[in-house]
Amino acid sequence: GKDYCYDPNLSSPTSSSTSPPTSTPINLISSSPTYQPSKSPTKAPSSDLPLVIMGDNGGDNFPLGRCEGDCDSHDQCQSGLLCYQRGGTESVPGCDGTGVS
């Protein structure tokens, strides 16, 4: 399969949150009974980049940037990035899409 460079500081492939959920107090009594129409929910903008193949094994495009492939080792990625070795179209942390298997 094709492997892609990713930023391990943005997302970890095996991360799991162990912190307890936080709660925010809710004020049930309002001092001013004004009507406020509900806003439709909006999706937060994603910081994920689409997966892009820059050539077979990177070609002349080394070092590869975030969510760029195809890499075979960490040194083929830009500083601070790692090569995510995956199987098939496994998702790449911090990247969007399935890419090429």
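The preceding data block contains the structure.
Just so it is clear, the model here is predicted, and its values are computed rather than measured. (Residues numbered from 1 in each chain as written. Predicted model: local features only at pLDDT ≥ 70, side-chain atom pairs only at ≥ 80, totals over all residues. Heavy atoms only, no water.)

Describing the nonpolar core
Residues Tyr 4, Tyr 6, Leu 51, Cys 67, Tyr 84, Val 92 and Cys 95 constitute the largest nonpolar core, which totals 7 residues. Core analysis: the next-biggest nonpolar cluster, separate from the first, contains 6 residues, Leu 64, Cys 71, Cys 77 and Leu 81 among them. (Core = buried A, V, L, I, M, F, W, Y, C linked by side-chain atoms within 4.5 Å. Buried < 20%, exposed > 50% of the residue type's maximum accessible area, 1.4 Å probe, protein only.)

Some points on the side chain of Asp 70
Assignment of secondary structure puts Asp 70 in the loop between strand E4 (68-69) and strand E5 (82-84). Within the buried set, Asp 70 has no salt-bridge partner at all; the shortest N-O distance to an opposite charge, 4.1 Å, is to Lys 2. (Helix = DSSP H or I, 4+ residues; strand = E, 2+ residues; numbered from the N terminus. Lys, Arg positive; Asp, Glu negative; His and termini not counted. Salt bridge = Lys/Arg side-chain N within 4 Å of Asp/Glu carboxyl O.)

Some details on the environment of Tyr 4
Inspection of the secondary structure puts Tyr 4 in strand E1 (residues 4-6). With 73 residues separating them in the primary sequence, Tyr 4 and Cys 77 have C-alpha atoms 8.6 Å apart. Polar side-chain contacts of Tyr 4 include one of 3.0 Å to the backbone nitrogen of Val 100. (Polar contact = N/O pair within 3.5 Å; in protein donor to acceptor, adjacent residues only side chain to side chain.)

Side note on the state of the cysteines
Summed over all chains, the structure comprises 3 disulfides. The side chain of Cys 5 participates in a disulfide bridge whose partner is Cys 77; the two sulfur atoms lie 2.0 Å from each other. For the disulfide bridge between Cys 5 and Cys 77, the dihedral angle about the S-S bond is near -85 degrees, and by the sign convention the bridge is left-handed. Of this pair, Cys 5 sits in strand E1 while Cys 77 sits in the loop between E4 and E5, and the two are 72 residues apart along the sequence. Cys 77 carries the same exposure label as Cys 5, and that label is buried. The disulfide partner of Cys 67 is Cys 95, and the gap between their sulfur atoms is 2.0 Å. On the sign convention where negative means left-handed, the S-S torsion of about -95 degrees between Cys 67 and Cys 95 marks this disulfide as left-handed. (Disulfide = S-S within 2.5 Å.)

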